[in-house]
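For reference, the chains in residue letters:
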Amino acid sequence: MATFYKGILGGFSGKTGSVIGTNWKGRSVMRSLPGKRTKASTQAQLDQQEKFKLAIGFLSGIADLLSISFGSFASNVSGYNAAVSYNLQKAVVGNASPFSIDFSLAQVSLGVLPGASNPKAVAVAGNKVKFDWDDNAGVGKAAATDIVLLVAYCAETQRSVYTAAGAMRSGLTQTLDTSVFAGKAVETWIAFMSIDGKKSSDSTYT
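As the structure is a prediction and not an experimental result, all values here were calculated from the model.

Draft legend 1. Looking closely at the overall build of the chain. Along the chain, the regular secondary structure elements total three helices and 13 strands. Sorting the 206 residues of the chain into buried and exposed places 34% on the buried side. Within the chain, counting contacts between residues at least 6 apart in sequence, those at least 24 apart form 57% of the total. Accessible area for the chain stands at about 11500 Å²; split by element, carbon and sulfur atoms hold 54% of it.

Draft legend 2. Local environment of the environment of Lys128. With respect to the helices and strands, Lys128 occurs in strand β8 (residues 128-134). As a C-alpha pair, Lys128 and Thr175 span 47 residues in sequence and 6.6 Å in three-dimensional space.

Draft legend 3. Here's a closer look at the sheet that holds strand β9 (residues 147-154). Here we have four strands laid out as an open sheet, ordered β10-β9-β12-β13, and antiparallel in their pairing. Across the chains shown, the open sheet's two edge strands, defined by having one partner strand only, are β10 (159-163) and β13 (204-205). Pairing geometry for β9 and strand β12 (residues 187-193), over seven bridges, is antiparallel. Following the sheet pairing, Leu149 is matched in β12 by Ala191.

Draft legend 4. Layout of helix α1 (residues 43-59). Here α1 is 17 residues long and its end C-alpha atoms lie 24 Å apart, about the 24 Å a rise of 1.5 Å per residue gives. Inspection of α1 places Asp47, Ala55, Gly57, Phe58 and Leu59 among the buried residues, and these make up the whole buried set. Buried residues along α1 sit against α2 (63-69), α3 (79-90), β6 (100-101), β9, β10 and β12.

Draft legend 5. Highlighting the side chain of Arg169. Relative to the helices and strands, Arg169 resides in the loop between β10 and β11 (173-177). Accessibility expressed as a relative area gives 0% for Arg169, which makes it buried. Only 3.0 Å separates the side chain of Arg169 from the backbone oxygen of Pro114, close enough to count as a polar contact. What Arg169 contacts, discounting residues up to four positions off in sequence, is Leu113, Pro114, Gly115, Trp133, Asp135, Asn136, Ala137, Ala142, Ala143, Ala144, Asp146 and Phe192.

Draft legend 6. The arrangement of the packing of aromatic side chains in detail. By the definition in use, this model includes eight aromatic pairs. A centroid spacing of 5.6 Å and a plane angle of 55° characterise the contact between Trp189 and Tyr205, whose relative ring orientation is tilted. Taken together, the residues span a long stretch of sequence, with Trp189 in strand β12 and Tyr205 in strand β13 at a distance of 16 residues. By relative accessible area, which is 34% here, Tyr205 ends up partly exposed. The rings of Phe58, Phe103, Tyr153, Trp189 and Tyr205 are connected pair by pair, giving a single aromatic cluster. One cation-aromatic arrangement involves Lys51 over Phe99; the distance from NZ or CZ to the ring centre is 4.8 Å. Taking the ring centre of Phe192 as reference, the NZ or CZ of Arg169 above it sits at 4.2 Å.

Draft legend 7. Looking closely at the pattern of salt bridges. Across all of its chains, the model carries three salt bridges by this definition. A salt bridge links Glu156 to Lys184; the nearest nitrogen and oxygen atoms lie 3.0 Å apart. Note that Glu156 is positioned in the loop between β9 and β10 and Lys184 in the loop between β11 and β12, a separation of 28 residues in sequence. Here Lys184 falls in the partly exposed class, since its relative accessible area comes to 34%.

What counts and how
- Residues numbered from 1 in each chain as written.
- Predicted model: local features only at pLDDT ≥ 70, side-chain atom pairs only at ≥ 80, totals over all residues.
- Heavy atoms only, no water.
- Helix = DSSP H or I, 4+ residues; strand = E, 2+ residues; numbered from the N terminus.
- Buried < 20%, exposed > 50% of the residue type's maximum accessible area, 1.4 Å probe, protein only.
- Contact = heavy atoms within 4.5 Å.
- Areas by Shrake-Rupley, 256 points an atom, 1.4 Å probe, with all protein chains shown as cover.
- Pairing = 2+ DSSP bridges.
- Expected span 1.5 Å × (residues − 1).
- Polar contact = N/O pair within 3.5 Å; in protein donor to acceptor, adjacent residues only side chain to side chain.
- Phe/Tyr/Trp six-rings, centres within 6.5 Å; stacked < 30°, edge-to-face > 60°.
- Lys NZ or Arg CZ within 6 Å of the ring centre and 35° of its normal.
- Salt bridge = Lys/Arg side-chain N within 4 Å of Asp/Glu carboxyl O.

Encoded structure:
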């Protein structure tokens with residue numbers, strides 16, 4: 001059963017017939033229910049499903065971060081969905097199954113701010129990763145008060161840890177606790193976000 005608001009011509013919430021109504025970003029939207037599949041999937045469809053599963057496995061653990069770090073890049077979709085679309089096209093590689101993710105091509109942030117200058121990431125005592133960078137405040141739209149965004153992803157466990165409340169660009173260093181991945185390899189990225197949270201930089205794979 002669906003509930004209509006503002007009369008029969010207004011938005012509605014719930015299911016009626018073959019459509020579902022909901023509210024997204026302050027707008028009333030509706031989508032059709034998926035139909036029953038009557039044919040076996042083609043190889044192209046199976047390949048796309050495999051690629052999509054890879055992208056989702058990589059990004060689902062940082063969905064909250066992506067709502068910020070891809071927010072300015074997204075228009076009519078969420079930051080998370082924009083990130084999935086981008087990485088599906090740019091970072092999932094291979095001519096045939098099994099496909100893989102080239103983490104050097106992956107992005108966990110996109111935006112207009114200058115990224116990190118000369119970034120480095122090294123494992124340190126306590127199962128942590130120490131990030132260092134040069135201060136490029138004043139270059140383009142880079143500000144000394146920009147906040148560093150750090151991400152570490154473990155492909156073996158398909159889990160991530162991150163911080164969106166790190167040091168300022170002028171701080172030059174920040175340590176990320178990756179003890180949950182003790183003894184395992186991690187992929188890492190660094191990016192920056194303006195202090196008001198409205199702008200972000202492209203991430204750099206470290």
